[in-house]
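Coordinate inspection notes
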Amino acid sequence: RAGPLVCVGWSLGGTAAAGPASNALRLGLYFVPVVCLAGAFDATDPISGQPFESIELSSKGAGHVRLIHGVEDDITGVEGARLFADRLKQARWDEELLERPVDHAGIVGTEFDADRTRCSPSQDPAVLDALKTVTGIIAETAFRRGPSA
């Protein structure tokens, strides 16, 4: 027997996770709960190819979406997540936006090393706190019961 399924993505992967959920009715998909980490909601949806802000959210396909974003994120600024959360709320989706005092890498428990052009695990207390929030939300979403989970 399969266990709970949650679609989780970070950065453009967060956008990719939210795209099919947003288009679930049109695509004939069963809605899976989504957790977006620092999603790039001002980008083009990499699944549908549509500009993300042009996707029409149907209240009939309302699902469970959690957005978690760092307020210090200068890669995919938090404003796009705020606008997307507002759109979800207006369409009567079960949505929540959590903002944490970290940057783009910090939302996944890392810090970006520009010299090595890669992320490494962080020991910063704010980053570790954000990571604890992220893992808790993913687990909570996976075991949530209801029509969209």
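Reading guide: rules and limits
- Residue positions are counted from 1 within each chain, in the order its sequence is given.
- The model is predicted, so local features are restricted to residues of pLDDT at least 70 and side-chain atom pairs to those at 80 or more, both for listing and for counting; the totals for chains, interfaces and linings are taken over all residues.
- Each side-chain value is derived from all of the structure's non-hydrogen atoms; neither hydrogens nor water enter the calculation.
- Centres within 6.5 Å are what make two rings of Phe, Tyr or Trp a pair, Trp counting through its six-membered ring; a difference in plane orientation under 30 degrees is then read as stacked, over 60 as edge-to-face, and the rest as tilted.
- To qualify as a helix, a DSSP run of H or I must reach at least 4 residues; to qualify as a strand, a run of E must reach at least 2; elements of each kind are numbered from the N terminus.
- Multiplying one less than the number of residues by 1.5 Å gives the expected span of a helix.
- For each residue, the accessible area found with a 1.4 Å probe, counting protein chains only, is set against the maximum for its type, and the residue is called buried under 20%, exposed over 50%, and partly exposed in between.
- To obtain the arc, one takes the directions from the helix axis to the C-beta atoms.
- Like-charged residues within 9 Å of one another, or nonpolar side chains (Val, Leu, Ile, Met, Phe, Trp, Tyr) within 5 Å, are grouped into patches, provided each residue has over 30% relative accessible area and no salt bridge.
- All accessibility values rest on the Shrake-Rupley procedure with a 1.4 Å probe; residue burial counts only the protein chains present in the view.
- Criterion for a salt bridge: a side-chain nitrogen of Lys or Arg within 4 Å of a carboxyl oxygen of Asp or Glu.
- Counting rule applied: Lys, Arg positive; Asp, Glu negative; His and chain ends not counted.
- The atom standing in for a charge is NZ when the residue is Lys, CZ when it is Arg, CG when it is Asp and CD when it is Glu.
- By the convention used here, strands pair only if DSSP detects at least 2 bridges between them.
- Joining through side-chain atoms within 4.5 Å is the link that ties buried Ala, Val, Leu, Ile, Met, Phe, Trp, Tyr and Cys residues into a set, and such a set is a nonpolar core.
- Axes, fitted as lines to C-alpha atoms, cover a helix only where it is in contact. Angles between the N-to-C directions of the axes lie from 0 to 180 degrees.
- Working rule for contacts: check all heavy atoms of both residues, and any pair within 4.5 Å makes them a contact.

1. Structural notes on the packing of aromatic side chains
- Applying the stated criterion across every chain yields a total of one aromatic pair.
- On the numbers, 4.6 Å between centres and 20° between planes, the contact of F41 with F84 is stacked. Residue F41 is found in the loop between β2 (34-37) and β3 (64-70), and its partner F84 is found in helix α3 (residues 78-90); the two are separated by 43 residues along the sequence.

2. Focus: helix α4 (residues 125-142)
- With 18 residues, α4 ought to run about 26 Å at 1.5 Å a step, and its terminal C-alpha atoms sit 26 Å apart, in line with that.
- Turning to α4, its buried residues number three or more, namely V127, A130, T133, V134, I137, T141 and A142. Along α4, the residues classed as buried sweep out an arc of 160° about the axis, all on the same side. In α4, those exposed residues whose orientation departs by more than 90 degrees from the buried face are P125 and K132.

3. Re a negative patch on the surface
- A contiguous patch of negative charge on the surface is contributed by E72, D74, D103, E111 and D124.
- The residue E72 is located in the loop between β3 and α3 in this model.

4. Structural notes on the pairing of strand β6 (residues 118-121)
- Here four bridges tie strand β5 (residues 110-113) to β6, and the two strands are oriented antiparallel to one another. Residue pairing for β6: F112 is matched across the bridge by C119.

5. Some remarks on the nonpolar core
- Membership of the largest hydrophobic core comes to 16 residues, with the highest contact counts inside it found for F41, L67, F84 and L88.
- Per-element tally for this core: the top contributor is α3, with four residues.
- Within the second largest apolar cluster, 13 residues are counted, among which are A38, I68, L98 and V102.

6. Overview of the sheet that holds strand β4 (residues 94-100)
- With parallel pairing, four strands are arranged side by side in an open sheet as β1-β2-β3-β4. A strand with exactly one partner marks an edge of an open sheet, and here the two such strands are β1 (7-10) and β4. Strand-to-strand twist of the sheet, defined as the mean angle between neighbouring strand axes without regard to direction, takes the value 10°.
- Bridging between β3 and β4 involves seven bridges; their strand directions are parallel. Opposite V65, over in β4, you have E95 as the bridge partner.
- Together, β1, β2, β3 and β4 form the strand contacts of α4, whose direction differs from that of β3 by roughly 175°.

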